[in-house]
Amino acid sequence: MTPPAAASAAATRTDDLTADPAADRAATAESQAPAPVGLPGTGDDDPDERTAAATTAAPRPATGSPTGARFTRPGGMFSSLRIRNYRYYFAGQVVSNTGTWMQRIAQDWLVLSLTGSPFAVGVTTAMQFLPMLLLGLWGGVLADRLPKRRLLLATQGAMGLLAAGLAVLTVTGTVTAGLVYVFALLLGLVTVVDNPTRQAFVSEMVPARDLPNAVSLNAANFQTARLVGPAVAGLLIAAVGSGWAFAANALSFAAVIGGLLAMRESELRPTAPVARQRGQLREGLRYVRERPELLWPMVLAGFIGTFGFNFPTLLSGFAYDTFRVGAGEYGLLNTAMAVGSLTGALLAARRGAPRLRRLVGAAVAFGTLEVLAAFAPGYWTFAALLMLIGVFGLTFNTSVNAALQLGTEPAVRGRVMGLLVLVFTGGTPIGAPLVGWVTAAYGPRLGLLACGLVSAAAAGVVAVVLARAADLRVRVDLHPGAGGRVVAVVPRTLPRKDLATAC
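Just so you know, these numbers come straight off a predicted model, no measurement behind them. (Residues numbered from 1 in each chain as written. Predicted model: local features only at pLDDT ≥ 70, side-chain atom pairs only at ≥ 80, totals over all residues. Heavy atoms only, no water.)

> Looking at this model, I keep getting lost on the overall build of the chain. Mind explaining?
Looking only at helices and strands, the chain has 17 helices and two strands in total. The 503 residues of the chain split such that 49% are buried. Long-range pairs, those at least 24 residues apart, make up 83% of the contacts in the chain between residues at least 6 apart in sequence. As displayed, the chain offers around 22,100 Å² of accessible surface, 66% of which is attributable to carbon and sulfur atoms. (Helix = DSSP H or I, 4+ residues; strand = E, 2+ residues; numbered from the N terminus. Buried < 20%, exposed > 50% of the residue type's maximum accessible area, 1.4 Å probe, protein only. Contact = heavy atoms within 4.5 Å. Areas by Shrake-Rupley, 256 points an atom, 1.4 Å probe, with all protein chains shown as cover.)

Spelled out as structure tokens, the structure:
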């Protein structure tokens, strides 16, 4: 059963990818029936540059998506950057993500220098993740209730102030480990609201056909910052201390806020905020539970996030215990993972709307590669496998993100994305200690093996459940002919004669 808010959004939805947003607004004003706008637009960068063909009457929306979006072939690896508002957002994120990675490195180093205890570093990380575990769903509710652009201005500003406060304490020499814990907790509380809002805001900047591309470019943006940020932080810490890395991060938020303020509101596709009422959190959970195409990818994301992505613990174990290499080689392992992740994000940017079989296939490959890496005979083989793990890990991440956004009504998108963030990152305080215990007791090879087996098994189970729900089967044809496939997923309702070619 569709929740009332979602049903209202679906009932008033009339546009698709060929509709002109300006025409839609005029029609809305004429009928005096304002409707939430989810994923309209043509994908052009500016309204005044659109061709006449883009302003013709819109055909009937396709029924394959709750948004009525008609999914088309992708327009290129960087197609979303045609859109002016997204360009501003992307540029701001390049600067801000670099600053965020700088702060992560500086924060860990500061705590370690204050306490001399790796356990204290773990406590800091736990303080930052704990709010997401406890309050992550409420962040999605707020993302649906409030205008997303204004909410992002508030959360990004708050993050900048927290970074500035920590910079002042550190530079003046008054910082303590306890204060760092407090700042980490406050940052986690802001992230509870900021993360699902940022995820859902992408669909207000770009049309449906460009949404997978924008999600992939955001991931590539993050991975690029992951390569640059730690290196810059290391230089700053060595030259002038951790406090100035925090100060640089505080300044980086000016780029995001400036980009948000520079956007043209007339070119955004805002979703009407949902009126506050009781039961909205349960409504979001029920919305996901009643839709297998949302529920099972969400379940798979929970398993992958909790068990598959525990590389900080595992890579240090492989570097120091298994291969017995130094800090430089350990850093190279992290770089190999980041390069693979960046490659995966860029490859995903070339594809169109994700299909569930791609999502599940990436998860199977991710888990299988982890199993193979657990038996890697040498350091360089392990590093090469890490690059492939990064490719398929990011393919899964971007696919599940785009699939859930495209398959969700605009009125509940914030809550759905909040749930995704919760299951994907909120399981870290559970999975990390378990993987750490296995690694400490039985070695990093067995720890990585367990992570890979859980990830691959979860993907296999979800694949079977989705296939049964969609009444699909695997067909093997040893003589597929021109354009055919040896292995294909087809409906079970095909004529019985098609089974003659199966093996």
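> Can you walk me through the packing of helix H11 (residues 311–322) against helix H17 (residues 444–469) in this structure?
Between two packed helices, what matters for the description is the angle formed by their axes and the separation of those axes. Relative to each other, H11 and H17 sit at 150°, their axes nearing to 9 Å. Considering the angle they form, H11 stands roughly antiparallel to H17. The two elements H11 and H17 meet at a crossing, and its hand is left-handed. Contacts from Leu314, Gly317, Phe318 and Thr322 in H11 reach Pro444, Arg445, Gly447, Leu448 and Cys451 in H17. (Axes fitted to C-alpha atoms, helices over the stretch in contact; angles between N-to-C directions. Parallel < 35°, antiparallel > 145°, perpendicular 65-115°, else oblique. Left-handed = near helix turned anticlockwise from the far one by under 90°.)

> Any chance you could explain the nonpolar core here in plain terms?
The nonpolar side chains of soluble globular proteins are, as a tendency, buried together. Counting residues in hydrophobic clusters, the biggest one holds 54 residues, and the most contacted among them are Leu300, Leu333, Phe382, Ile389, Phe396 and Leu404. Among the elements that take part in this core, helix H14 (residues 379–406) stands out by supplying 10 residues, more than any other. Ala214, Leu217, Val256 and Met263 belong to the second-largest nonpolar core, a separate cluster that totals 21 residues. (Core = buried A, V, L, I, M, F, W, Y, C linked by side-chain atoms within 4.5 Å.)

> Help me out: how do you make sense of the environment of Met205 in this one?
Relative to the helices and strands, Met205 resides in helix H6 (residues 177–205). With 119 residues separating them in the primary sequence, Met205 and Tyr86 have C-alpha atoms 5.9 Å apart.

> Sorry if this is basic, but what is going on with the packing of aromatic side chains here?
For any pair of aromatic rings, geometry is given as the distance between the ring centres together with the angle between the planes. The final tally for this structure, using the stated rule, is 15 aromatic pairs. Between Tyr86 and Tyr89, the ring centres sit 6.2 Å apart and the planes meet at 35°, which makes this aromatic pair tilted. Here the residue Tyr86 and the residue Tyr89 both occupy positions in helix H3 (residues 84–115), the gap between them amounting to three residues, near one helical turn. On the basis of relative accessible area, Tyr86 is assigned to the buried category, the value being 0%. Judged by relative accessible area, Tyr89 falls into the buried class, the value being 5%. The rings of Phe318, Phe323, Tyr379, Trp380 and Phe382 are connected pair by pair, giving a single aromatic cluster. (Phe/Tyr/Trp six-rings, centres within 6.5 Å; stacked < 30°, edge-to-face > 60°.)

> Would you mind going over a nonpolar patch on the surface with me for this structure?
Together, Leu130, Leu133, Leu134, Leu135, Trp138, Val182, Leu186, Leu189, Ile430 and Leu434 make up an exposed nonpolar region whose accessible area comes to about 850 Å². Within the residue set of the nonpolar patch, elements represented by two or more residues are helix H4 (118–145), H6 and helix H16 (428–442). It is H4 that provides the largest number of residues to the nonpolar patch, a total of five residues. Residue position: Leu134 is located in helix H4. (Patch = residues over 30% accessible without salt bridge, like charges linked within 9 Å, V, L, I, M, F, W, Y side chains within 5 Å. Salt bridge = Lys/Arg side-chain N within 4 Å of Asp/Glu carboxyl O.)

> For this particular structure, what's the right way to read the side chain of Thr395?
Considering the arrangement of structural elements, one finds Thr395 in helix H14. Among the polar contacts made by the side chain of Thr395, one reaches the main-chain carbonyl oxygen of Val391 at a distance of 2.8 Å. Contacts of Thr395, omitting those with residues within four sequence positions, involve Gly344, Arg351 and Ala362. (Polar contact = N/O pair within 3.5 Å; in protein donor to acceptor, adjacent residues only side chain to side chain.)

> Could you clarify how one ought to interpret the confidence of the model for the chain in this entry?
Parts of the prediction with low pLDDT should not have their coordinates interpreted in detail. Looking at the chain as a whole, its pLDDT mean stands at 77, while 77% of the residues score no less than 70. Element-level mean pLDDT values for the chain span from 38 in helix H1 (residues 4–12) up to 94 in helix H5 (residues 148–171). Contacts of residues 67–73 to residues separated by more than four positions or lying in other chains number 26 contacts, the stretch itself having pLDDT below 50. (pLDDT = per-residue confidence, 0-100.)

> Where do I start with a positive patch on the surface in this structure?
Together, Arg278, Arg282, Arg286 and Arg289 line one region of the surface with positive charge. With respect to the element layout, Arg282 can be found in helix H9 (residues 280–289). (Lys, Arg positive; Asp, Glu negative; His and termini not counted. Charge placed at Lys NZ, Arg CZ, Asp CG, Glu CD.)

> How do you make sense of helix H13 (residues 356–374) when you look at a structure like this?
Residue pairs spaced three or four apart in an α-helix point in one direction, given the helix's 3.6 residues per turn. Relative to the 27 Å expected for 19 residues at 1.5 Å per residue, H13 spans 27 Å between its end C-alpha atoms, a close match to the ideal helical length. When H13 is considered as a whole, its buried residues turn out to be Leu359, Val360, Ala362, Ala363, Ala365, Phe366, Gly367, Leu369, Glu370, Val371, Ala373 and Ala374. Buried-residue contacts for H13 involve helix H10 (292–308), H11, H14 and H17. (Expected span 1.5 Å × (residues − 1).)

> Sorry if this is basic, but what is going on with the pattern of salt bridges here?
Where side chains of opposite charge bring their charged atoms close, a pairing between them can arise. Overall, the coordinates contain seven salt bridges when judged by the stated rule. For the salt bridge of Asp144 with Arg415, the shortest nitrogen-to-oxygen distance reads 2.7 Å. Remark: Arg415 occurs in helix H15 (residues 413–425) and Asp144 occurs in helix H4; sequence separation between them is 271 residues. Take Asp144 and Arg415: they sit in the same class, and that class is buried. The shortest N-O distance in the salt bridge between Asp194 and Arg198 comes to 2.7 Å. Of this pair, Asp194 and Arg198 are both found in helix H6, four residues apart, which corresponds to roughly one turn of the helix. Look at Arg198 and you get partly exposed, because its relative accessible area is 24%. If you follow the salt bridges from partner to partner, you end up with Asp144, Glu283 and Arg415 in one network.

> Please clarify how the packing of H3 against helix H7 (residues 211–240) should be interpreted in this entry.
At a minimum axis distance of 7 Å, the contact between H3 and H7 shows a crossing angle of 40°. Classed by the angle they form, the pair H3 and H7 counts as oblique. When the axes of H3 and H7 are compared, the crossing they make is right-handed. Within the contact of H3 with H7, the residues separate by chemical class into 19 nonpolar, six polar and two charged. (Nonpolar A, V, L, I, M, F, W, Y, C, P; charged D, E, K, R; others polar.)

> Please clarify how H3 should be interpreted in this entry.
The terminal C-alpha atoms of H3 lie 47 Å apart, and with 32 residues this matches the ideal 46 Å at 1.5 Å per residue to within 8%. Where H3 ends, the next residue or the one after it, Gly116, has phi of about 70°, a positive value.

> Would you mind showing me how to read the environment of Thr124 here?
Note that Thr124 resides in helix H4. The exposure class assigned to Thr124 is buried, which follows from its relative accessible area of 0%. For the pair Thr124 and Gln107, spaced 17 residues apart in sequence, the C-alpha separation works out to 8.5 Å. Dropping the residues within four chain positions of it, Thr124 is found in contact with Gln107, Val111, Val180, Tyr181 and Ala184.

> Even after reading the chapter, I still don't get the environment of Val232, so can you show me in this structure?
Tracing the backbone through its elements, the reader meets Val232 in helix H7. Sequence separation between Val232 and Met102 is 130 residues, and the spatial gap between their C-alpha atoms is 6.9 Å.

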